[in-house]
Amino acid sequence: KRRRRSKAKQSKTSINLAQLFYKILVSGSRSSPFLCFVGMLNPGSIQQQAPSIPDDLYERVYCFCKKLLTFPKPYCTIGLHYARQLKLERTVPGILYQRLVSAEQSLKNDSFAYQEKVFMFADPNLLSEAVCRAIATEIKAARTSQCPRSCMIYVIERSLQEGLKEHCDFKTLRAILQEKPLDVIEHCFQQVVAATEHAGSDVNAEYNQYVEELEKIYSALLSTSGKGVEEAAPEGSPDIPLPNPQISFHLWTDEDQLWKELVLFLRPQNQACVEDSLSQVLLDSFEIQGMGPDFDGSEQARFSVLSTDSGIERDLPVPDDEAPEAEHSRLQRKGGVKKRGSTLDCLPLLQTGSNGQEAKPAGKLHRKCGSSVMEPIAQIQRLHKAQVVVLGDDRVLGRLVQAYYSLRKRESRRAYLTPRLKVQFYYVPLMEEQPSSCPMEESALADQTEPCELAAYLGRVDPWYESNVNTLCHMIPKLATMPSTPSKTSVSDMFIMDVIAYYVRLGLQPIYFQVYTVKLFFTNEGLEPAEDIFLVELQVTLEEFDPSRDNLLMKKKTTVEVPGTDITLMYKKVLLSNREKEETASLRSTGLVMKAVPSNETEDLVCLNVNTAEIVKTANLSGRSYSLVTNKIRTRNIKMQSTDQKSFTVCLDKDSRRVYKNVTGIEVFPCLEPSYCLQKTRARRISLPGDEDVGLAKYLPKSLLLPINTFAGITQ
């Protein structure tokens, strides 16, 4: 009787929680219809953690989600996602919890092979050792509390509790499962997952048949239990926890580390293998298999070499210490040069953004959001999902975009990850102190530099991101410096892991950011022009400038050197009408900043905001003077040249490690998708020269966009 009261109390609490959630949704939609989606970010957690929700309450929430389909994006997208989840959970109770835990914990089974893993990257040069150690310690403590045996027991308990409802004695079931050996737990887990997936995938499957399968599993467990199990059942509420996902923490020390970890995640391996590194032997074998070195946007040259080898082993001289073999065993051809990939190899790179139509030019001003960059048109069955979380300020995003660009170049040569793996990117801003200054920060435009500009933009367009993720910017460093307590490594005190798990589970709407390429020309004409990419900001320092001297006076008949350098800007001015106008400007300037992230939501256009500090000459009664004026230009393509042969310094993404000196000219333009460049190069060989896209290049995305996942996308 006491167990029935405890179970009834637990069920009543879950129902009250769901009813309160529904009332908040309804009241929020009446007062502000375009903010009601914020509550929609929580039903995933409620339906996965609160069992025994009545069908009528499910129906009301489901109808509310369907009403959101009449709203614009991203509200209709979120409503559709959760409507599908609610319908599936109502059809097969417990299936969402089973799929989530099985995927996140990599529980091997024959019916549901989908796996997920969270990769957390931090640059040790940007974060202190104390912060990295605190995060690594919390991840290690979380791993000890989520062993595969416990997670399989959670799935079995939840499925039987949801399917059998009042016919399942939860307390006795838990006591029985705790006494069973691992092989019995695995067998029971396989049976439960098979029954659940069969009911969820077969549209003709009946619910009664699914319940009968669960009853057989439950009866088998009761029949093999001892007599004193029920009396020895532990006291406590029948809560089934939702374990945090598996998270691997990596210090970003290698340029190809992201690609290595993703490849290692896909390759079959034993659980005892170390996940933190990939041996050089494996890396060399990947290169031999054609996964390919990076290319420079065009086909690499191939040189012919005169060879006297026929390529047949029969023609080779037989060693003295080796006995002659049979004739048929030696008639085998040696391994030759691997054939180049065909056009069909790039079919997985077709993205849903093109929708089967010709790729749009890079002239679209409105920012894209709501679909995945690495989601192909073809329905390819992917068995894995990688969720990449980066920690730091804007400088770590510059490193992320370099790794992402390298990964896309490898995939354009041979699509190895794209057909098998869905990659999502998440960004958690962390800032301990003011980052090391770039040369431009000492100039007149220093007040426009902010360490976490991209995170501030995401917080403006998505209030849920602002309240849940941006608050971690200074909180995690403070937690890392707090004195450790005995309960700090307990499961109930893992604040960082709980917030990260909440973000990666419910951050489903990506926002896309244009990646830009910069071509640099140096003073030494013997040096080849260098190319690099940036995501947030490009800073140009033309001359060391003292901002306190905003007005420079010149007395009559006195020669005073005017600060700055004479430069020429050639750019295409963008307009809201999506038209471009070519402009040329000559001016004297002390500095220049190009920002790819808008400073406010009213200027959310996919273009570069170029701010120049121009020296303007004026005349008054006291003599000639020079004042500093800031000009703003909106463009996508811009060229800058120093007219008086003075060199300048370029800093990318506010990172002092990415500084180019002795530069005389730059060209900035949107970075092209590597697969598009490769297909366009191949198409030129069989078609007339020209700028028109032919073949598969017409359907590939033209610009390289980096997706950062948020909770609701662009809402403001």
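Anyway, here's the lowdown on the structure attached to this text.

Thresholds applied
Residues numbered from 1 in each chain as written. Predicted model: local features only at pLDDT ≥ 70, side-chain atom pairs only at ≥ 80, totals over all residues. Heavy atoms only, no water. Salt bridge = Lys/Arg side-chain N within 4 Å of Asp/Glu carboxyl O. Helix = DSSP H or I, 4+ residues; strand = E, 2+ residues; numbered from the N terminus. Buried < 20%, exposed > 50% of the residue type's maximum accessible area, 1.4 Å probe, protein only. Polar contact = N/O pair within 3.5 Å; in protein donor to acceptor, adjacent residues only side chain to side chain. Pairing = 2+ DSSP bridges. Core = buried A, V, L, I, M, F, W, Y, C linked by side-chain atoms within 4.5 Å. Contact = heavy atoms within 4.5 Å.

**Regarding the pattern of salt bridges**
- On inspection of all chains with the given rule, the structure shows 22 salt bridges.
- The partner of Arg133 in a salt bridge is Glu129, with the nearest N and O atoms 2.7 Å apart. Highlighted residues: Arg133 and Glu129, both in helix H6 (residues 129–144), separated by four residues, approximately one helical turn.
- Residue Glu129 is classed as exposed on the basis of its relative accessible area of 59%.
- Here Glu673 makes a salt bridge to Arg408, at a shortest N to O gap of 3.1 Å. With Glu673 in the loop between strand E15 (659–670) and helix H19 (674–684) and Arg408 in helix H14 (residues 394–413), the pair connects residues that are 265 residues apart, well separated along the chain.
- In the salt-bridge network here, residues are joined through shared partners; they are Asp123, Glu255, Arg399, Asp655 and Arg657.

**Points about the side chain of Lys260**
- Locating Lys260 in the fold gives a position in helix H11 (residues 257–266).
- Given a relative accessible area of 13%, Lys260 falls into the buried group.
- In terms of polar contacts, Lys260 uses its side chain to reach the side chain of Asp254, at 2.4 Å.

**A closer look at the pairing of strand E7 (residues 530–534)**
- Of all the five residues making up E7, four are buried; the element is thus mostly covered by neighbouring parts of the structure.
- Both strand E6 (residues 516–522) and E7 contribute to a ladder of five bridges, which runs antiparallel. Along E7, the bridge assignment pairs Leu520 with Ala530.

**So, the nonpolar core**
- Residues Leu391 and Tyr427 are the most contacted members of the largest nonpolar core, which totals 89 residues.
- Those residues in contact with Leu391 that sit more than four places away from it in its chain are Met120, Phe121, Ala122, Leu127, Ile135, Phe249, Val396, Val428 and Leu430.
- Counting 37 residues, the second-largest nonpolar core is a separate cluster that includes Ile153, Tyr154, Ala195 and Ile240.

Note that every value here comes from positions in space, so none of it alone points to a role or purpose.
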